[in-house]
Amino acid sequence: LALLPEHESELIVEDSFQQLKNYYPWPKNKPQIITRLFYLKNGNTELQITMPHLIADDLCPDILLKDLSDFYEQSVNENLAEKNIYKEYIAQEQHY
């Protein structure tokens, strides 16, 4: 979607959202959590998640989103730490 004009990508994302929103009654033999990830212009992303009420109470979405956020932040921090270790290694090699 990042390569499409903004108006077209917005229509696709909105259509996807409406499809997920209208998953009622929940189809048999379908996954209990459905996610869609869209890569948009300017490095933006949109994550859409849907699940039936049968597996989600009022607190479940908050817990899921917090865990996803924590996992993402940890991943970003680990990548930065790995890059810093590599930079330090290169600096030591250049020093010799």
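Structure shown above.
Residues numbered from 1 in each chain as written. Predicted model: local features only at pLDDT ≥ 70, side-chain atom pairs only at ≥ 80, totals over all residues. Heavy atoms only, no water.

Considering the pattern of salt bridges
The full count for this structure, using the stated rule, is one salt bridge. Across the salt bridge formed by Lys66 and Asp70, the nearest N and O atoms sit 2.7 Å from each other. Pair noted here: Lys66 and Asp70 are both in helix H2 (residues 60–95), with a separation of four residues, about one helical turn. Accessibility expressed as a relative area gives 51% for Lys66, which makes it exposed. (Salt bridge = Lys/Arg side-chain N within 4 Å of Asp/Glu carboxyl O. Helix = DSSP H or I, 4+ residues; strand = E, 2+ residues; numbered from the N terminus. Buried < 20%, exposed > 50% of the residue type's maximum accessible area, 1.4 Å probe, protein only.)

Re the pairing of strand E2 (residues 45–50)
The pairing of strand E1 (residues 34–39) with E2 spans six bridges and is antiparallel. Across the sheet, residue Phe38 finds its bridge partner in E2, namely Glu46. Two successive antiparallel strands, E1 and E2, enclose a turn made up of five residues, where Asn42 displays a positive phi of approximately 60 degrees. (Pairing = 2+ DSSP bridges.)

Here's the deal with helix H1 (residues 6–21)
Over its 16 residues, H1 extends 22 Å from the first C-alpha to the last, a length consistent with the 22 Å expected when each residue adds 1.5 Å. Elements that come into contact with the buried residues of H1 comprise E1 and E2. (Expected span 1.5 Å × (residues − 1). Contact = heavy atoms within 4.5 Å.)

Some thoughts on unusual backbone geometry
Residues other than glycine seldom take positive phi values, yet Asn29 does so here, at roughly 60 degrees. Structurally, Asn29 is set in the loop between H1 and E1. Its identity as a non-glycine residue notwithstanding, Asn42 has a phi of 60 degrees, on the positive side. Note on placement: Asn42 falls in the loop between E1 and E2. Residue Asn42 is classed as exposed on the basis of its relative accessible area, which comes to 77%.

Structural notes on the side chain of Thr50
Residue position: Thr50 is located in strand E2. In contact with Thr50, other than residues within four places in its own chain, are Leu20, Trp26, Gln32, Ile33 and Ile34.

Thoughts on the layout of surface pockets
When its volume is computed, the largest pocket comes out at roughly 360 Å³. For the largest pocket, the lining is made up of 13 residues, of which Leu37, Thr45, Leu47, Leu68 and Tyr72 are closest to its centre. Contributions of two or more residues to the lining of the largest pocket are made by E1, E2 and H2. The element contributing the most residues to the lining of the largest pocket is H2, with six residues. Looking at side-chain class alone, the lining of the largest pocket contains nine nonpolar, four polar and no charged residues. (1 Å grid on protein atoms, 1.4 Å probe; cavity = no way out; pocket = protein on both sides within 12 Å on 5 of 7 lines; lining within 4 Å. Points joined across faces, edges and corners; volume = space filled by probe spheres on them. Nonpolar A, V, L, I, M, F, W, Y, C, P; charged D, E, K, R; others polar.)

Taken by themselves, the reported measurements are silent on function.
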